Structure formats: structure tokens, C-alpha cells
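Okay, here's what each chain looks like letter by letter:
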Amino acid sequence: MDIPFTVKNRPDTGLYNGKLGVWLFLASEVMLFGGLFSAYIFLRTGAESWPIGADILNVPLATLNTLFLISSSVTMVMSWASLKLNDLKKFKLYLGLTFLLATAFLVVKYFEYSAKFHHHLYPSTNNFLGIYFTMTGLHMLHVIGGMIVIFYFLVPGVKMWDSNPSRFINRIEIIGLYWHFVDLIWIFLFPVLYLL
Amino acid sequence: MADLTPEEIKHHVKTYVLVFVALAFLTIVTVGISYLDLGLGASVALALIVASVKGSLVACYFMHLIDEKTTIYWTLLVTAAAFLVLMFLPLGTMAVQVQV
């Protein structure tokens, strides 16, 4: 039996099912990260003193990582646009670049984390580092999860382009939605943790 | 975003590049602001305003929210309301502490 409404829009929602599904998932993600942002406000407003992120964390590295993530968002949306223009070669190029930029983000994060551990700064050291590692760690898991799906569409999943191109384009559109959301979360994490 | 002509897609691509330039510029602005000595309140307000502008650009153009179906708008409206409750919960506890 075929899965209904993978290409055509459902008459009542006006959307194909995958898209509504991913938006509902993102809504639940807003609440997941929202809970942690709420915890951050709770910890910070209740603390007698709170460090400035820049005194402990590496702002230039985080700025570089911000640029990596926003660049990866552009390459992601370009890969979708390339499919819309029937250009599989460019699709692979842009999605491959997205994967590489995500890898670069993880490499920078690895150096950041290891520098902290080297200086004996752990999640248990204080509340600031506790919420920093929790929020950036959860975000990093989202980056890794996205990379697994991107890799799938780049290598084994791409064969759907031959059998059902419209459905494949929709798949790329909704992994894009997820990826932009991961970028959006970082856009808020960066100033909140590193700059304020 | 199902029925776009190749010309419309090419127009979209130009928008994506412009949005990218704006995001990169605003990232530099965010870092620049943090070096100014504005006091905590003003720094927090400015940083959140810039982050919100960047977030809106990503949501509107990369996630195509500027041109979406009402089903998604309604879903996000409910999400935003629940998110606001989460943000104000800690402030509520502060008010209680002050009373005690």
C-alpha cells in the first residue's frame, strides 16, 4: 500500500503529509529547547552572580561556527532549488557542501569542548557551564542527527530521484526545514551563551 | 512551494544569497555590540532584537514561511503562545520570591 499524500497536497490541510509532520515535530522541538531557555532564565535570574560568557568561552570560534551554520543553511536551500531546476549535479554539490559545513561546525565544537575540559571546566563546575553544555550538547546532537539524514539523501536515498522525483524534492524540502531550524536555534544560543 | 516556474526559482535563489549576506552582516553586528559597554539591560535587548531579526529571515525565506499555508501558521501560533508561557514561568517565580 502506498503512503498517501507524499506528493499531492491533502485537501483539508493544503499540504503534503511530510511537511505538516515536520512542522509539528519542529513545534515540539520549540518546546524542548524552550524548556532549556526557560531553565537558563531561571538559573540566571536566581543567581547571585553570573559570568559573562565571553570571559569563559571562545567568541571568535563561536562566531566562525555561526558563519558555518548560516552558510550551510544557504547551501541546503540551494540544493532544493537545484532539484527544482532539474540539476542533480548541483544538488549533490550543494548538499555535499552542507554536509562539509556541518562537519566543520562539529570540528570547531570539538576544539571548544576539549579546551574547556583541558582547563577542568565541566558541566558540574557551575550552573553557567551546566546550562552551556546541556544546550550546546543538545544542539550538537541535532546537528549530528541532521548530518545522518543529509548523508542518506546524498548517497543511498538519491536513487528516488529516478523513480519519483517530486517525492524526492519534497523530502529535501523537509530535511531543509529541520536544518534551518537547527540553524535558527544556534542564532539564539550564540548571543545568549557567548555574548551576554 | 510546489508549482514554481524555473524563473521564479531563479528569483528565489537571488533572495537566498541576499539573506545570507544579511545574516553574515548581522552576525558581525551581534559580536560588535557585545564589545560596547551598554549595560546588561540594553545589551540583552539589543542582542535579542538582532537574533530575532536573523531568526525571522531564516524562517521567512529559507523555511518559506512568508508564503505558507494557514495550517502551518495556526500550528506556529499555538506553539508561540506555549513558548511565551515557558519564557514567563521563571519570571513568575521571581515575583513570588519578592512577595515572600
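You'll find the structure just up there.
The following paragraphs examine the structure supplied in this document. (Residues numbered from 1 in each chain as written. Chains lettered and ligands numbered in written order. Predicted model: local features only at pLDDT ≥ 70, side-chain atom pairs only at ≥ 80, totals over all residues. Heavy atoms only, no water.)

**Quick look at the overall build of chain A**
Helices and strands together make up the secondary structure of chain A, namely seven helices and zero strands. When the elements of chain A are put in sequence order from the N terminus, they spell out α-α-α-α-α-α-α. In chain A, buried positions account for 52% of the 196 residues. Across chain A, the fraction of contacts at a sequence separation of at least 24, relative to all contacts at a separation of at least 6, is 76%. Total accessible area on chain A stands at roughly 8600 Å², and carbon and sulfur atoms take up 67% of it. One way to put it: in chain A the 13 positive side-chain charges average out to a point 9 Å from where the 10 negative ones average out. (Helix = DSSP H or I, 4+ residues; strand = E, 2+ residues; numbered from the N terminus. Buried < 20%, exposed > 50% of the residue type's maximum accessible area, 1.4 Å probe, protein only. Contact = heavy atoms within 4.5 Å. Areas by Shrake-Rupley, 256 points an atom, 1.4 Å probe, with all protein chains shown as cover. Lys, Arg positive; Asp, Glu negative; His and termini not counted. Charge placed at Lys NZ, Arg CZ, Asp CG, Glu CD.)

**Brief notes about helix 2 (residues 40–62) of chain B**
Over its 23 residues, helix 2 of chain B runs 32 Å from end to end, which matches the ideal 33 Å to within 8%, given 1.5 Å per residue. Buried residues of helix 2 of chain B: Ser 43, Ala 47, Val 50, Ala 51, Lys 54, Gly 55, Leu 57, Val 58, Ala 59 and Phe 62 of chain B, and no others. Check the buried side of helix 2 of chain B and you find it contacts helix 3 (59–84) and helix 7 (165–195) of chain A together with helix 1 (6–35) of chain B. One or two steps after helix 2 of chain B, the chain reaches His 64 of chain B, where phi turns positive at roughly 60°. (Expected span 1.5 Å × (residues − 1).)

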